[in-house]
There are 2 protein chains.
Amino acid sequence: MSDKKTLYCVIMAGGVGTRFWPESRQSKPKQFLDICDTGKSFIRMTFERFAHLVPKENFLVVTNARYKSLVLEHIPELTEQQVLCEPIGRNTAPCICYASYHLRNIDPEATMIVTPADHLILNEAEFHTIVGDTLDFVESNNALMTIGITPSRPETGYGYIQKSDNATISRVKCFTEKPNLELAQLFVQSGEFFWNSGIFVWKVKDIIAAVAEHLPEHHALFDAIADKLGTEAEAEAIAQVFSECRAISIDYGVMEKADNVYVRCGDFGWSDVGTWGSLYQLSRKDKYANVKPSEGCYTYNTRSSIVSLPKGKVAVINGLRDYIVVDTDDVLLICPRAEEQNIKKYIDEVKYNNGDKHI
Amino acid sequence: MSDKKTLYCVIMAGGVGTRFWPESRQSKPKQFLDICDTGKSFIRMTFERFAHLVPKENFLVVTNARYKSLVLEHIPELTEQQVLCEPIGRNTAPCICYASYHLRNIDPEATMIVTPADHLILNEAEFHTIVGDTLDFVESNNALMTIGITPSRPETGYGYIQKSDNATISRVKCFTEKPNLELAQLFVQSGEFFWNSGIFVWKVKDIIAAVAEHLPEHHALFDAIADKLGTEAEAEAIAQVFSECRAISIDYGVMEKADNVYVRCGDFGWSDVGTWGSLYQLSRKDKYANVKPSEGCYTYNTRSSIVSLPKGKVAVINGLRDYIVVDTDDVLLICPRAEEQNIKKYIDEVKYNNGDKHI
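Calculation notes
- Residues numbered from 1 in each chain as written.
- Chains lettered and ligands numbered in written order.
- Predicted model: local features only at pLDDT ≥ 70, side-chain atom pairs only at ≥ 80, totals over all residues.
- Heavy atoms only, no water.
- Helix = DSSP H or I, 4+ residues; strand = E, 2+ residues; numbered from the N terminus.
- Buried < 20%, exposed > 50% of the residue type's maximum accessible area, 1.4 Å probe, protein only.
- Contact = heavy atoms within 4.5 Å.
- pLDDT = per-residue confidence, 0-100.
- Least-squares fit on C-alpha atoms with pLDDT ≥ 70 in both.
- Buried area = accessible area lost by both parts, 1.4 Å probe.
- Salt bridge = Lys/Arg side-chain N within 4 Å of Asp/Glu carboxyl O.
- Polar contact = N/O pair within 3.5 Å; in protein donor to acceptor, adjacent residues only side chain to side chain.
- Phe/Tyr/Trp six-rings, centres within 6.5 Å; stacked < 30°, edge-to-face > 60°.
- Core = buried A, V, L, I, M, F, W, Y, C linked by side-chain atoms within 4.5 Å.
- Pairing = 2+ DSSP bridges.
- Axes fitted to C-alpha atoms, helices over the stretch in contact; angles between N-to-C directions.
- Parallel < 35°, antiparallel > 145°, perpendicular 65-115°, else oblique.
- Left-handed = near helix turned anticlockwise from the far one by under 90°.
- Nonpolar A, V, L, I, M, F, W, Y, C, P; charged D, E, K, R; others polar.

On a plain count of helices and strands, chain A comes out with 11 helices and 16 strands. In terms of overall dimensions, chain A has C-alpha extents of about 60 × 50 × 35 Å along its principal axes. The buried share of chain A, taken over its 359 residues, is 58%. Sequence-distant contacts in chain A: of pairs separated by 6 or more residues, those separated by 24 or more amount to 67%.

Next up on the list: the confidence of the model for chain A. Parts of the prediction with low pLDDT should not have their coordinates interpreted in detail. Residues with a pLDDT of 70 or more make up 99% of chain A, whose mean pLDDT is 94. The complex prediction reports pTM at 0.84, with the ipTM value standing at 0.83.

Moving on, we get to the relation of the copies chain A and chain B. By a simple turn and slide, chain A fits onto chain B: the slide is 0.1 Å along the axis, the RMSD is 0.1 Å, and the turn is 179°. What the rotation and shift describe, once combined, is the action of a two-fold rotation axis. By C-alpha distance to the rotation axis, the residue of chain A lying nearest is D329 of chain A, at 3.8 Å. Taken as a fraction of all interface residues of chain A, those also at the interface in chain B reach 100%, which identifies the copy contact as same-surface.

Attention now moves to the interface of chain A and chain B. Listed per partner, the contact involves 34 residues of chain A and 34 residues of chain B. Roughly 2,700 Å² is buried in total at the junction of chain A and chain B, and carbon and sulfur atoms are behind 56% of that figure. Per-residue buried area on chain A facing chain B is highest for V316, N318 and L332 of chain A; these three make up 23% of the total on that side. Summed over the shared surface of chain A and chain B, the result is 2 salt bridges. Note that D327 of chain A and K313 of chain B form a salt bridge whose closest N and O atoms lie 2.5 Å from each other. Summed over the shared surface of chain A and chain B, the number is 24 residue pairs in polar contact (both at pLDDT 80 or more).

Here we come to the pattern of salt bridges. When the charged atoms of two side chains lie near each other, side chains of opposite charge can form a pair. Following the criterion strictly, the structure yields 32 salt bridges over all chains and no others. Sharing partners across several salt bridges, the network here consists of K40, R44, E48 and E77 of chain A.

The next subject is the packing of aromatic side chains. Residue and element names in this part refer to chain A. On inspection of all chains with the given rule, the structure shows 32 aromatic pairs over all chains. An angle of 50° between the planes, with centres 5.8 Å apart, marks the rings of F32 and Y67 as tilted. Pair noted here: F32 is in the loop between β1 (7–12) and α1 (42–51) and Y67 is in the loop between β2 (59–64) and α2 (68–74), with a separation of 35 residues, a long-range link. The same class applies to F32 as to Y67, namely buried. With 6.1 Å between their ring centres and 55° between their planes, W195 and W270 make a pair best called tilted. Remark: W270 occurs in strand β11 (residues 270–271) and W195 occurs in strand β9 (residues 193–203); sequence separation between them is 75 residues.

For the rest of this paragraph, the subject is the nonpolar core. Residues and elements named next belong to chain A. By size, the foremost hydrophobic cluster in this structure holds 47 residues, and its most contacted members are M112, L144, W202, I207 and V254. Per-element accounting of this core gives the leading share, 8 residues, to helix α3 (residues 92–106). For M112, the contacting residues outside a window of four places in its chain are Y8, V10, A99, S100, L103, F200, V201, W202, V204 and I207.

Our next topic: the sheet that holds strand β12 (residues 297–300) of chain A. Strand order in the open sheet formed by 5 strands is β12(A)-β14(A)-β16(B)-β15(B)-β13(B), and the pairing between neighbours is mixed. What marks the edges here is a single partner per strand, and that holds for β12 of chain A together with β13 (306–308) of chain B. When strand polarity is set aside, the average angle formed by the axes of neighbouring strands in this sheet is 5°. Of the pairings in the sheet, the one linking strand β14 (residues 314–318) of chain A to strand β16 (residues 331–336) of chain B comprises 4 bridges and is parallel in character. When the sheet's bridge partners are listed, I317 of chain A is paired in β16 of chain B with I334 of chain B. The sheet contacts of helix α11 (residues 343–354) of chain B involve β12 and β14 of chain A together with β16 of chain B, and relative to β12 of chain A the element is tilted by about 145°.

Let's shift gears to the packing of helix α3 (residues 92–106) of chain B against helix α6 (residues 204–214) of chain B. Residues and elements named next belong to chain B. Between α3 and α6, the least distance of the axes is 10 Å, while the angle of their chain directions is 130°. With respect to α6, the element α3 is oriented oblique. Every pair of crossing elements has a handedness; the one defined by α3 and α6 is left-handed. Here I96, C97, S100, Y101, L103 and R104 of α3 lie close against α6, whose contacting residues are V204, I207, I208 and V211. Here the contact of α3 with α6 is built from residues that sort into 8 nonpolar, 1 polar and 1 charged.

Listed below in structure tokens is the structure:
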């Protein structure tokens, strides 16, 4: 495994998810919430998941400038310098470039783990074994490693990774974004396809070489300002670069094109907890298949529903089946689970009439 | 009409209604709420309804001791001495006795109007005509007057008054409490039966004479302490009387038994607004038959429902039909309109588990 001193963890925390509205807000997106009621926010769980592997001074969080203080509030172990602020979101490739070129200044031999800030991992022991394998592998190979997840269902909302063989660490044959249901079913049956976790492990110099080759415009922009990173000129330089660089995902921009991409697959209780529906699936249900706070929520003739309440609030709910009920201090949402894709539409309407206040 | 100086208005405001829970609370029952969103509480509307007839110093409010400050907050025109505090609720007869024996000390020739604090009257002009008729009548007759309401439906939750003839002011033939539906339908068809509004008009000396005759125990108790009313010994004396006297309604204890009971009937847009369902019936509906706040409440595929929200709160509601949704700062209620009679059961369960805090 890598020398700890050269091992860094980059947490990507720039998301502005709206699918958990009204629980998630522009001012407090999902990564800062304790949606699963574990007592810890997603970003806090993400930090703790890697904190025994990576010294706390070797974490970087890349986020939107407006969330900087929230990041420091959730991970008080970090210094301000460890929070890299994007002026605008440009998808994952610019985010990872920012962190990578920044790290190259600190340690050109650095190994980095890149992870989303807002996923759930239930089996951390298994996950750590897998991460350990990937760290060992990138130590001795110029490899861009990704972590794949054994699919438990033909999910059409995820990206898939096809392995080329049955080795523990296998070269990636191809990436496929959000397949239709028929294709997703074939993927799951084949045993060759795995969900793309969005977690990556590589040496800084290897990802930068790959960016230089496959995203030369991005390389040129970031390389040109590299000497300003970590200085007082950083914010202005980054503002310029982000205004010029193309929004593109690292998967599409680099991973699908590079030929040194490998995957380590496993089954470690992963979920991206992307919607109220996925939280419902994931959560412990009562005998009527309801997911609800353990105290203060009284349900009658109510089945297969998920209820979220502010702390200390009492709810009496009669006669709902397959519903989402989310109550917050200033917004109440009552919606059939089957219609959660409409939440975006509701947000637009509330925003149009009431402004940003409740969004 | 009576000389204004001898005319008094007694507002009975001791109710601890729970059917509007969670909007109504033990700490703030219905009479202090603006359920109809008129900008004024029921008790305030009641005061204003009589304020042009009765000088403000001639009002008395009888309420539970715990609501004294709420009464003064809603009717700042009153002095503390005008709020008579019952130590415990004993139904309307002891409440009316308290006010009557108190008034006899002030003015033995007083005429009094007695009114519940929590009813709605839409046609105040018509109501004032009716009240004027009753005042004229009791001026020249030893009469216990009640006001009846032309029934608009065979309501089984109200008491009915049968008139003995078609005169504007008619002797009462009988009182009937909450009939079954079949009987209620016959009542409405007959044209002889009217809803009992619980509003009474009489001379103080006449009601006291009737109490002496029909509720002699109550008379004995109140008459014995009459000289203490309006003095420092009042509270203790009243505590003793209320602990000893039987709980009984004025209808059952006096009106059904006396032979000088008269009714003036009319149609003045009266409602006791007793439940969420009656508020729904009474309220202006949108084109989908929903009753909801004019701002901030977004309904989709939702029909014939009533929604109440705290000021400034946004709600998105999809897929409810015939529901009651009441959100308050600390309690959320979602219940089919057809099951509102269960609200009492819900309160009991919340109280059992969470204590009095949310009740």
